[in-house]
Amino acid sequence: MRGEPPDAQLCADIAAANESTGFFALTGHGVDMNLVRTCLSAGAAFFDLDQEEKAKYVVQNMTMGRGYEISPEHQDYMALFTKVVMMSSEQERAGLGHPEGSTRHGILSERFMCGPPSICGTDLSISSSSSSSSQSRRREPEYYDSDLGKAFFGPNVWPCGSSAVVAPGSASRAVIPLRSNMEALYEELDRVARVILRVFAVTLGEAEDFFDRVVDGHHSNMQVANYPSQLCARPGLDYNNDELARQRDLVLRKKAHVDSGTITLLMADDWMPGSSTWRRELGGLQLETREGVWVDVVDVPPGAILVNLGTLMSVYTNGRWKSTLHRVVHPQPAVAEDSRRLSIAYFHKTDYDASITPVSSCIRQGKPPMFEALKASDLTRQGIMRRLLVEGLSASEASNRYHEVLQRIREAQQE
Ligand SMILES: [Fe+2]
């Protein structure tokens, strides 16, 4: 869309995709693929740092969508993995010399996250009154500076100094600027998300700027994710240990979940232009069909952005548009040792205080709103996690409960 409203065919295609799976591939988005590649490379270099270095960038026990995160169930798995490795013979342990440090630690997935760069830049203190005059702050100061606001706009953290991200194998030890690349890509994907939401608004029979009104202070975040190669083909660690094998079956690279925001924009290294790395056995993204069958997400055109709907959008449409369960599966054992996969995801959300009320076109079908008086903070990860942590839950318990909350909303909308 460049000033003119979307045509009827585009709206019909969008409606069809969103009413079936809520997944579609977007081409012609204008995002610089070199920026995406550099961002993926910078992410890969960060994930190749020593585990102790990466741990310096953990924020609030990995609960707030900032810095370095590993999901709680994966941390449990890593502890078991380490125990099994320690009990292995010296000969077996010698077989674990995988070039990826994350693989040697049994990491199944890890990510580095940031919030809105213009609001959450580490140069700006969110508690500082001087920063409230920043032009980037389109909402009133209390929106950012209140206790609630700080939960959504905590400062970003970035590798620096002794933790500088260095290109793998680089003789010159050239630093890859993770921060500048992630910040630049964040702004690009913010632009794309706004365009998509304008098309969505027209498709839903609303004014084109319908969603513009609730994103002045959006709290979207972005991640680079790493799915390290795995060791299940290694002698001595072939998952003959029953507990390790069971855990690995239960703990996927990313367990089945729905996203919490409006839309998620995803790009993966295996569908970058010129890439020939996509192989089914490597294990990638799957979604669950209405029949309850898991299918691979395939045929994403090179350079496309994969878009999927989150809970906010399914509530906005009173369940008509789908927020579909998806997951990332393990590679087949035969290719596990060389199965690294990297991706970038931008999780778009509205202002945290936006009222999420179904649009009229989705109510007139004789279906009353399923939820009343919901705010975005009731539905998005940071808002739900904040509430659960304030209630005294541990990070692990809160993470599990967060997914249960989203699952209950999803099931209610399917009834
Ligand atoms: Fe997701």
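Residues numbered from 1 in each chain as written. Predicted model: local features only at pLDDT ≥ 70, side-chain atom pairs only at ≥ 80, totals over all residues.

### Concerning the overall build of the protein
Rules: Numbered from the N terminus, helices here are DSSP runs of H or I no shorter than four residues, and strands are runs of E no shorter than two. Note that the radius of gyration is over C-alpha atoms, with the globule rule given as 2.2 Å times the number of residues to the power 0.38. To assign burial, the other C-beta atoms lying within 10 Å of each residue's own C-beta are counted, with C-beta atoms placed from the backbone; 20 or more indicates buried, 12 or fewer indicates exposed, and intermediate counts indicate partly exposed.
Per the secondary structure count, the protein includes 15 helices and 11 strands. Its C-alpha atoms give the protein a radius of gyration of 21 Å, within 12% of the compact-globule value 22 Å for 415 residues. Expressed as a percentage of the 415 residues in the protein, the buried residues total 41%.

### Overview of the pairing of strand β7 (residues 285–288)
Put simply, the test is: What makes two strands pair is DSSP finding at least two bridges between them.
Relative to strand β10 (residues 326–328), β7 runs antiparallel, the two sharing 3 bridges. Looking at the pairing, Leu 287 lines up with His 326 of β10. Here β7 runs beside strand β8 (residues 294–296); their pairing, made up of 3 bridges, is antiparallel. Across the sheet, Leu 287 pairs through a bridge with Val 295, a residue of β8.

### Section: the confidence of the model for the protein
Fine structural detail should not be taken from predicted coordinates in areas where pLDDT scores are low. For clarity, the threshold we go by: Per-residue confidence from the predictor is reported as pLDDT, a score between 0 and 100. In this description, a residue-residue contact is defined by the distance between C-beta atoms placed from the backbone, which must lie within 7 Å.
Confidence in the prediction for the protein averages 87 pLDDT; 90% of positions are at 70 or higher. Within the model, the stretch residues 123–134 combines pLDDT values under 50 with 13 contacts to residues more than four positions away or in other chains.

### Remarks on the packing of helix α4 (residues 72–87) against helix α11 (residues 242–250)
The cut-off we apply is this: Simply put, an axis is a line fit to the C-alpha atoms, just over the touching stretch for a helix, and the angle between two N-to-C directions goes from 0 to 180 degrees. Any angle that falls under 35 degrees is termed roughly parallel, while one over 145 is termed roughly antiparallel, one within 65 to 115 roughly perpendicular, and all others oblique. Should the near helix be turned anticlockwise from the far one by less than a right angle, the crossing is termed left-handed; should it be turned clockwise, right-handed.
For the pair α4 and α11, interaxial distance at closest approach is 10 Å and the crossing angle is 155°. As summarised for this structure, α4 and α11 are arranged roughly antiparallel, according to the angle between their axes. The handedness of the crossing between α4 and α11 is left-handed. Every residue of α11 that contacts α4 at Tyr 77, Leu 80, Phe 81 and Val 84 is listed here: Glu 243, Leu 244 and Gln 247.

### Some words on helix α10 (residues 178–203)
The following threshold applies: In a helix, the anticipated span is given by 1.5 Å times the number of residues less one.
Between its terminal C-alpha atoms α10 stretches 37 Å, which fits the 38 Å expected from 26 residues at 1.5 Å a residue. In the segment just after α10, Gly 205 is the residue with positive phi, at about 85°.

### Focus on the sheet that holds strand β3 (residues 110–114)
One open sheet accounts for 7 strands, arranged β1-β9-β6-β11-β4-β3-β2; its pairing is antiparallel. The sheet is open, and its two edges are formed by β1 (23–26) and β2 (67–69), each paired on a single side. Averaged over all pairs of adjacent strands, the angle between their axes in this sheet comes to 25°, without regard to strand direction. Note that β2 and β3 share 3 bridges and pair antiparallel. Within β3, the position partnered with Glu 69 by the bridge is Arg 111.

### A closer look at the packing of helix α14 (residues 381–390) against helix α15 (residues 395–414)
In plain terms, the rule: Following the grouping adopted for this structure description, the nonpolar residues are Ala, Val, Leu, Ile, Met, Phe, Trp, Tyr, Cys and Pro, the charged ones are Asp, Glu, Lys and Arg, and the polar ones are all others, Gly among them.
In the contact formed by α14 and α15, the axes pass within 9 Å of each other and the chain directions differ by 130°. Judged by the angle between their axes, α14 and α15 are oblique. The handedness of the crossing between α14 and α15 is right-handed. On α15, the residues touching Arg 381, Ile 384, Met 385, Leu 388 and Leu 389 of α14 are Ala 398, Arg 401, Tyr 402 and Val 405. Along the lines of polarity and charge, the residues of the contact of α14 with α15 split into 7 nonpolar, no polar and 2 charged.

### What to know about the sheet that holds β7
Spatially, β5-β10-β7-β8 is the arrangement adopted by the 4 strands of the open sheet, whose pairing is antiparallel. In this open sheet, the two strands that pair with only one neighbour each are β5 (254–257) and β8. Going from strand to strand, the sheet's axes swing by 25° on average, the running direction of each strand aside.

### Overview of α4
In plain terms, the rule: The arc in question is the one spanned by the directions pointing from the helix axis to the C-beta atoms.
Taking 1.5 Å as the rise per residue, α4 with 16 residues should run 22 Å; its terminal C-alpha atoms sit 23 Å apart, in good agreement. Inspection of α4 places His 74, Tyr 77 and Phe 81 among the buried residues, and these make up the whole buried set. Looking down the long axis of α4, one finds its buried residues gathered within 55° of arc, a one-sided arrangement. Away from its buried face by more than 90 degrees, α4 exposes Ala 79, Met 86 and Met 87. At its buried positions, α4 is contacted by α11.

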